[in-house]
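# Fold and geometry: a report
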Amino acid sequence: DENEVNHNTKVFNIGLVNAETKEVIYLMIDKIGEFKDNDNDQALGSKSNRAKWRMRNVIYTKDKLIKECGIANDQIPSSIRDNHVFRDKLNKQTAIKLYLRDRTKLKTLIHKTNWSKIPIFGQIE
């Protein structure tokens, strides 16, 4: 995981920039505990070993990550938007929007879809 600083800390480049300084903004999260309560498995999404994370109440710059957190320059993650998976999903979203703007295609999609065969789920795990 390119965001992992250590087992308990991760850093993220969320693609935002400070308006005044034009520096990239980074956020850090820390693991705050693990649940192993078998009585509450349903409440935890039926997984008995869920980690919880808390975002630090600090906004980091690249220099601050290097100086204060001891993170090496090559460990600092690139923007989420630079990730090929993100770009692929964004391109698919654009293609879907264009498809749905065509009234004929939209009507065909609505009428030909077998809605009873579409899987429904309550929670993503």
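Definitions and cut-offs
- Residues numbered from 1 in each chain as written.
- Predicted model: local features only at pLDDT ≥ 70, side-chain atom pairs only at ≥ 80, totals over all residues.
- Heavy atoms only, no water.
- Helix = DSSP H or I, 4+ residues; strand = E, 2+ residues; numbered from the N terminus.
- Buried < 20%, exposed > 50% of the residue type's maximum accessible area, 1.4 Å probe, protein only.
- Contact = heavy atoms within 4.5 Å.
- Areas by Shrake-Rupley, 256 points an atom, 1.4 Å probe, with all protein chains shown as cover.
- Core = buried A, V, L, I, M, F, W, Y, C linked by side-chain atoms within 4.5 Å.
- Salt bridge = Lys/Arg side-chain N within 4 Å of Asp/Glu carboxyl O.
- Patch = residues over 30% accessible without salt bridge, like charges linked within 9 Å, V, L, I, M, F, W, Y side chains within 5 Å.
- Phe/Tyr/Trp six-rings, centres within 6.5 Å; stacked < 30°, edge-to-face > 60°.
- Lys NZ or Arg CZ within 6 Å of the ring centre and 35° of its normal.
- pLDDT = per-residue confidence, 0-100.
- Pairing = 2+ DSSP bridges.

## Concerning the overall build of the chain
When its secondary structure is counted, the chain shows 3 helices and 4 strands. Tracing the chain from N to C terminus, the helices and strands come up as β-β-β-β-α-α-α. Residues classed as buried in the chain amount to 16% of the 125 residues present. Across the chain, contacts joining residues at least 24 apart in sequence account for 42% of those joining residues at least 6 apart. Accessible surface, the chain: about 10,300 Å² in total, of which carbon and sulfur atoms supply 52%.

## Section: the nonpolar core
Counting residues in hydrophobic clusters, the biggest one holds 7 residues: Val11, Tyr26, Met28, Tyr60, Leu65, Ile71 and Ile76. Sequence-distant contacts of methionine 28, that is, excluding residues within four places in its chain, are made with Val5, Thr9, Lys10, Val11, Arg54, Met55, Arg56, Tyr60, Leu65, Cys69 and Ile71.

## Observations concerning the pattern of salt bridges
For the structure on display, the rule yields 1 salt bridge. The shortest N-O distance in the salt bridge between arginine 56 and aspartate 30 comes to 2.7 Å. Of this pair, arginine 56 sits in the loop between strand E4 (51-55) and helix H1 (62-69) while aspartate 30 sits in strand E3 (residues 24-34), and the two are 26 residues apart along the sequence.

## A few points about a nonpolar patch on the surface
Residues Ile96, Tyr99, Leu100, Leu106, Leu109, Ile110, Trp115 and Ile118 make up a contiguous nonpolar surface patch of roughly 710 Å² in combined accessible area. Within the secondary structure, leucine 106 is located in helix H3 (residues 103-112). In this structure leucine 106 comes out as partly exposed when scored by relative accessible area, which is 30%.

## So, the packing of aromatic side chains
Under the defined criterion, the tally for this structure stands at 0 aromatic pairs. Over the ring of tyrosine 60 we find lysine 64, and its NZ or CZ is 5.7 Å from the ring centre.

## Remarks on the side chain of lysine 10
Examined against the element boundaries, lysine 10 turns out to sit in strand E2 (residues 9-17). Ignoring any residue separated from it by four or fewer positions in sequence, one finds lysine 10 in contact with Asp1, Asn3, Glu4, Val5, Leu27, Met28, Ile29 and Trp53.

## What about the confidence of the model for the chain?
Put simply, the chain has an average pLDDT of 82, and 82% of its residues get 70 or more. The low-confidence segment residues 35-46, where pLDDT is below 50, has 17 contacts with residues more than four positions distant or belonging to other chains.

## A short note on the pairing of E2
Taken together, the 2 bridges between strand E1 (residues 4-6) and E2 define a ladder with antiparallel strand orientation. Counted as the bridge partner of glutamate 4 is lysine 10 from E2. Linkage of E1 to E2, two consecutive antiparallel strands, is achieved through a turn of 2 residues.

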